[in-house]
Amino acid sequence: MKKSKQLSDIFQRSDMSDEEFIQNLKLSHELAKKTVNCVRIQLSKAFGVPSEKLYPDDKFIDIISFPCWDWDMIELLFALEETLKIDIDEEQVPDWTAKNITLGQWIVEFLCCNFPESNTIRFI
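Rules used throughout
- Residues numbered from 1 in each chain as written.
- Predicted model: local features only at pLDDT ≥ 70, side-chain atom pairs only at ≥ 80, totals over all residues.
- Heavy atoms only, no water.
- Helix = DSSP H or I, 4+ residues; strand = E, 2+ residues; numbered from the N terminus.
- Buried < 20%, exposed > 50% of the residue type's maximum accessible area, 1.4 Å probe, protein only.
- Contact = heavy atoms within 4.5 Å.
- Expected span 1.5 Å × (residues − 1).

*Asks:* Which residues make up the side chain of Ser51, and what values do they have?
*Replies:* Among the structural elements, Ser51 can be located in the loop between α3 (30-47) and α4 (60-63). Under the relative-accessibility criterion, Ser51 is labelled buried at 18%.

*Asks:* Describe the environment of Phe11, listing the residues and the values that go with them.
*Replies:* Here Phe11 lies in helix α1 (residues 7-12). Judged by its relative accessible area of 38%, Phe11 falls in the partly exposed class. Along the primary structure Phe11 and Glu52 are separated by 41 residues, whereas in three dimensions their C-alpha atoms are 9.7 Å apart. Once you skip the residues sitting within four places of it in the chain, Phe11 turns out to touch Gly48, Val49, Pro50 and Lys53.

*Asks:* Describe α3, listing the residues and the values that go with them.
*Replies:* For α3, spanning 18 residues, the distance from its first C-alpha to its last is 26 Å, which sits close to the expected 26 Å at 1.5 Å a residue. When α3 is considered as a whole, its buried residues turn out to be Leu31, Ala32, Thr35, Val36, Cys38, Val39, Arg40, Gln42, Leu43, Ser44 and Phe47. For α3, the secondary structure elements touched by its buried residues are α2 (18-24), α4, α5 (73-84) and α6 (103-114).

*Asks:* Can you break down α6 residue by residue, with the values?
*Replies:* Taking 1.5 Å of rise per residue, the twelve residues of α6 would be expected to cover 16 Å, and the 16 Å separating its terminal C-alpha atoms lies within 8% of that figure. For α6, the complete set of buried residues consists of Leu103, Gly104, Trp106, Ile107, Val108, Phe110, Leu111 and Asn114.

*Asks:* Outline unusual backbone geometry, supporting the account with residue identities and numerical values.
*Replies:* A positive phi angle, near 60°, is found at Lys26, a position not held by glycine. As for its position among the elements, Lys26 is in the loop between α2 and α3. Phi angles above zero are rare outside glycine, and Lys85 is one such case at about 55°. Relative to the helices and strands, Lys85 is located in the loop between α5 and α6.

What is shown is where atoms sit, not what they do.
Quick look at the structure:
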């Protein structure tokens, strides 16, 4: 998302399924599917943006700048813990406040930090 992109622009763009999102990132594992779905749903609930309107190349910092009541990253982490049946500590959470990190990059880094033993997450 470009900085000038407005919330209304997000609503007008085409829907992207979780499968398309995952293919765009070249991910293939069930963990990736669960993670992408969970992240998109949680951000959708918090910021009132339909989950299918969130794209891999959207900057995380832009998404969290949309109006919302009160959002904290911990809510997303709790949902990920429940969905993935893991415990997450702060070393396993990529920097989501970095100016240029995209939603897709954050998800890939999250998976690499939390499932380093899984060689099947990414296509080679």
